[in-house]
Amino acid sequence: MGIIAWIILGLIVGCVVKLVMGGKDVQGIVVTCLLGVAGALFGGALTALFFDVGSTGEFFNLSTWIAAIAGSAAILIVFNMINVRRSVHR
């Protein structure tokens, strides 16, 4: 799967993960989508690295979506944890 497909997948998954995670978030939809793209790329890279899969298959493959969702959720959780710590110290 090419980089453009991962970016599109990241935009979709970023919005889905934000809806699933819920809660009060400081970032807007644009930042969430960008974090989703970063998370999808991160998840795809980790999947390719650890499971010896070349760029995680096709766009509509379940493993591709799971890797993108897991990566996006991880990035969003870390981002929210950093923002909570910053807001507490202010």
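Residue positions are given per chain, counting from 1 as you read along its sequence in written order. Where local features are concerned, this predicted model is filtered to residues with pLDDT of at least 70; where side-chain atom pairs are given and counted, the filter is 80 or more; whole-chain, interface and lining totals use all residues. Hydrogens and water are ignored here; the side-chain numbers use all heavy atoms of the structure.

Undergrad: Any details on the side chain of Thr32? Residues and values, ideally.
TA: A run of H or I in DSSP becomes a helix once it reaches four residues, and a run of E becomes a strand once it reaches two; helices and strands are each numbered from the N terminus. Locating Thr32 in the fold gives a position in helix H2 (residues 29-50). Setting aside chain neighbours within four positions, we find Thr32 in contact with Gly14, Lys18, Gln27 and Leu76. Here, two residues are considered to be in contact whenever any of their heavy atoms come within 4.5 Å of each other.

Undergrad: So what's going on with the confidence of the model for the protein chain? Residues and values would help.
TA: With 76% of its residues at a pLDDT of 70 or more, the protein chain has an overall mean of 76. Of all secondary-structure elements in the protein chain, the lowest mean pLDDT belongs to helix H3 (residues 62-89), at 78, while H2 reaches the highest, 82. The predictor attaches a confidence to each residue, and that confidence, scored 0 to 100, is pLDDT.

Undergrad: Any chance you could break down the nonpolar core for me, citing the residues and the numbers?
TA: A general feature of soluble globular proteins is that nonpolar side chains tend to end up buried together. Side-chain atoms within 4.5 Å link the members of a nonpolar core, which is a set of buried Ala, Val, Leu, Ile, Met, Phe, Trp, Tyr and Cys residues. Burial here depends on accessible area, computed with a 1.4 Å probe over protein chains only, as a share of the maximum for the residue type. Under 20% is buried, over 50% is exposed, and the range in between is partly exposed. One finds Trp6, Leu9, Val13, Val17, Leu35, Ala40, Ala68 and Leu76 forming the largest nonpolar core, which totals eight residues. Of all the secondary structure elements, the ones that give two or more residues to this core are helix H1 (3-21), H2 and H3. For this core, the element with the most residues is H1, which contributes four residues. The contacts of Leu76, once residues within four sequence positions are left out, are Gly14, Val17, Lys18, Met21, Gln27, Thr32 and Leu35.

Undergrad: Explain a nonpolar patch on the surface residue by residue, including any values.
TA: A contiguous nonpolar surface patch, about 760 Å² in accessible area, is contributed by Ile3, Ile4, Ile7, Ile8, Leu11, Ile12, Val16, Val20 and Leu41. Per-element tally for the nonpolar patch: the top contributor is H1, with eight residues. Classification of Val16 as partly exposed rests on a relative accessible area of 39%. Two distance rules govern patches: like charges are joined within 9 Å, and nonpolar side chains (Val, Leu, Ile, Met, Phe, Trp, Tyr) within 5 Å, applied only to residues with over 30% relative accessible area and no salt bridge. Each accessible area is a Shrake-Rupley estimate made with a 1.4 Å probe; only the visible protein chains count as cover when residues are assessed. By salt bridge we mean one thing: a side-chain nitrogen of Lys or Arg within 4 Å of a carboxyl oxygen of Asp or Glu.

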